[in-house]
Amino acid sequence: MVENAEGTLMHAAVENQVEGIDGDCGGVCSCATCHVHIDPAWADKVGPATEAEEGMLELEDDVAPTSRLGCQVKLTPELDGVVVRVVGR
Ligand code: FES
């Protein structure tokens, strides 16, 4: 659990040493080391992957319908409590 998170899912995870989220590219959608599965209950609020994310996700294993790159998910008040699963590497 990460509290008082700001920025993106990736930044919040890296700042809180969440294992499995590396953020190697610094958040510019070019590494996929921030791949997460959004809990289906939250998928509509988080929204779908962008075209650029889908391009990166094509190279990933364990892609799910709710896959997102954490660096592309901006944390907003509406996402307070969002549940995601870190995809194992
Ligand atoms: Fe590289 Fe998200 S941090 S794609």
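Residues numbered from 1 in each chain as written. Predicted model: local features only at pLDDT ≥ 70, side-chain atom pairs only at ≥ 80, totals over all residues. Heavy atoms only, no water.

Observations regarding the sheet that holds strand 2 (residues 67-69)
- Taken together, 3 strands build an open sheet; the order of strands is 2-1-3 and the sheet is antiparallel. Both outer strands of the open sheet, strand 2 and strand 3 (84-86), are each paired with one neighbouring strand and no more. Neighbour to neighbour, the strand axes of the sheet diverge by 40° on average, direction disregarded.
- Relative to strand 2, strand 1 (residues 35-38) runs antiparallel, the two sharing 3 bridges. Across the sheet, H37 pairs through a bridge with S67, a residue of strand 2. (Pairing = 2+ DSSP bridges. Helix = DSSP H or I, 4+ residues; strand = E, 2+ residues; numbered from the N terminus. Axes fitted to C-alpha atoms, helices over the stretch in contact; angles between N-to-C directions.)

Description of unusual backbone geometry
- Although it is not a glycine, A32 sits at a positive phi angle of roughly 65°.
- One non-glycine residue, D62, adopts positive backbone phi at about 60°.
- Looking at the secondary structure, you find D62 in the loop between helix 3 (51-57) and strand 2.

Things to note about the layout of surface pockets
- Volume-wise, the largest pocket comes out at about 610 Å³.
- Going through the elements one at a time, helix 1 (9-15) and strand 3 are the ones with two or more residues in the lining of the largest pocket.
- The greatest single-element share of the lining of the largest pocket, amounting to 3 residues, is contributed by helix 1.
- A class-by-class count of the residues in the lining of the largest pocket yields 16 nonpolar, 3 polar and 2 charged. (1 Å grid on protein atoms, 1.4 Å probe; cavity = no way out; pocket = protein on both sides within 12 Å on 5 of 7 lines; lining within 4 Å. Points joined across faces, edges and corners; volume = space filled by probe spheres on them. Nonpolar A, V, L, I, M, F, W, Y, C, P; charged D, E, K, R; others polar.)

Considerations on the nonpolar core
- By size, the foremost hydrophobic cluster in this structure holds 20 residues, and its most contacted members are L9, I21, C34, I38, V46 and L69.
- Those elements giving two or more residues to this core turn out to be helix 1, strand 1 and helix 3.
- Of all the elements, helix 1 adds the most residues to this core, at 4 residues.
- Beyond its immediate chain neighbours, meaning those up to four positions away, V46 contacts I38, R68, V73, L79 and V82. (Core = buried A, V, L, I, M, F, W, Y, C linked by side-chain atoms within 4.5 Å. Buried < 20%, exposed > 50% of the residue type's maximum accessible area, 1.4 Å probe, protein only. Contact = heavy atoms within 4.5 Å.)

Everything listed here is a matter of coordinates, which is why it stays silent on function.
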